[in-house]
Amino acid sequence: MSHALTSVLNKAALKKGVLKKGALMTASAALALAAVVTGAGTAQAGPAGAQNVRGVDPGDTDRMLDRLCGQETSLTGVYGALNVETGEFKTRDEYLNDVIPLWEPIGPWETFRGWCGYGQASTWSIKGEPVRTSEWTGNHGTTEDKVTFVSGYSTKTSVKKSVGANISLSLAKSIFSGTAGGSFSYEWGWEKTSSFERRSEKSIPPCTQVATTWTPYQRVVRVNPVFYVEDYEWNKTGDDRVTAHTWRGRDAGWKTIYSHGYYIDGISDKLLPNGQPDGREDKWQENLDPKSCAK
């Protein structure tokens, strides 16, 4: 994919105000196209054809990608610098303040610019934790009772990161609604609040109390933040500044990178075809204090 095409896509999106902190709406399209044009690179290529830098390049690459993509996106992308001897990473502002007041590579410091996006890594289904959906009703007598319970439940959504601070709700919404990374067409309820209220008759044995519970069936979608390289520069000798358009000047398969240990999980209740929450209702029963019950 040409530099000009990427710039046009990203600048157009910026004018519409859809690029937020750390999230680039058009990056997913650019990344997907890059994977088709340049190929997967190697058999280990990850989301969007990205190459895994974890264990390949020095330093904590999980944290590097987190900090790199956590910056405010400018009209020309996000910037970072890597010390290839120590593995230390610096943002553009840190580099200008701490290393050299010019944006250029020097010594072991290599500088780069590009765009961040979110490539789907995997997805799977889980059972959520049971939650109580009705009031407790007790039977203090000596014979079994039958009671109609009214239970209610609304779908839940959550998100978590493997490294760094908690992810903002606005970024999470942009990722998992598809604006910042791909299309998630699963039967989950991300930003699709659904609820129910139902009535069911339950038996209550003597000297017990009963409530209803709901165990939601959930979907987890894991994404890896990925970085699409526009420019990568180094200058080992002080005389020959080299500019490449792949990560550390490697082959075309290294146009996009990710770090395997850095991921974001979106977790949401699944929905049935009719739009209702998917899960299982059960009866939760506990013994009462015998002193409170009839003899």
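Residues numbered from 1 in each chain as written. Predicted model: local features only at pLDDT ≥ 70, side-chain atom pairs only at ≥ 80, totals over all residues. Heavy atoms only, no water.

**Student:** How do you make sense of helix α5 (residues 169-176) when you look at a structure like this?
**Tutor:** Residues that lie three or four places apart on an α-helix share one face, since the helix turns once every 3.6 residues. Within α5 the residues assigned to the buried category are L171, A172, S174, I175 and F176. Buried residues belonging to α5 abut β4 (109-127), β8 (157-161), β10 (208-234) and β13 (264-269). (Buried < 20%, exposed > 50% of the residue type's maximum accessible area, 1.4 Å probe, protein only. Helix = DSSP H or I, 4+ residues; strand = E, 2+ residues; numbered from the N terminus. Contact = heavy atoms within 4.5 Å.)

**Student:** Whenever I open this one, the pattern of salt bridges confuses me. Can you help?
**Tutor:** Two side chains bearing opposite charge may form a pair once their charged atoms approach each other closely. Under the defined criterion, the tally for this structure stands at 15 salt bridges. A salt bridge links R63 to D66, with the nearest nitrogen and oxygen atoms 2.6 Å apart. Here R63 pairs with D66, and both are found in helix α3 (residues 61-69), just three residues apart, close to one helical turn. We note a salt bridge from R113 to D231, for which the minimum N-O separation is 2.5 Å. Highlighted residues: R113 in strand β4 and D231 in strand β10, separated in sequence by 118 residues. Pair check on accessibility: R113 and D231 agree, each one buried. Taken together, the shared-partner salt bridges in this structure form one network comprising D57, E110, R248 and R250. (Salt bridge = Lys/Arg side-chain N within 4 Å of Asp/Glu carboxyl O.)

**Student:** Would you take a moment to explain the state of the cysteines for this structure?
**Tutor:** Simply put, disulfide is the name for a covalent bond between the sulfur atoms of two cysteines. Under the counting rule described, the total for this entry stands at two disulfides. Paired through a disulfide, C69 and C116 show a sulfur-sulfur distance of 2.1 Å. Taking the sign of the torsion about the S-S bond as the criterion, the disulfide between C69 and C116, at about -80°, is left-handed. Here the residue C69 occupies a position in helix α3, and C116 occupies one in strand β4, the gap between them amounting to 47 residues. For C69, a relative accessible area of 4% gives the class buried. Across a sulfur-sulfur distance of 2.1 Å, C207 and C293 are joined as a disulfide pair. Taking the sign of the S-S torsion, about 90° here, the bridge from C207 to C293 comes out right-handed. With a gap of 86 residues between them, C207 in the loop between β9 (195-204) and β10 and C293 in the segment after β14 (279-287) connect regions that are remote in the sequence. For C207, a relative accessible area of 18% corresponds to the buried category. (Disulfide = S-S within 2.5 Å.)

Function-wise, these values are silent; they only describe arrangement.
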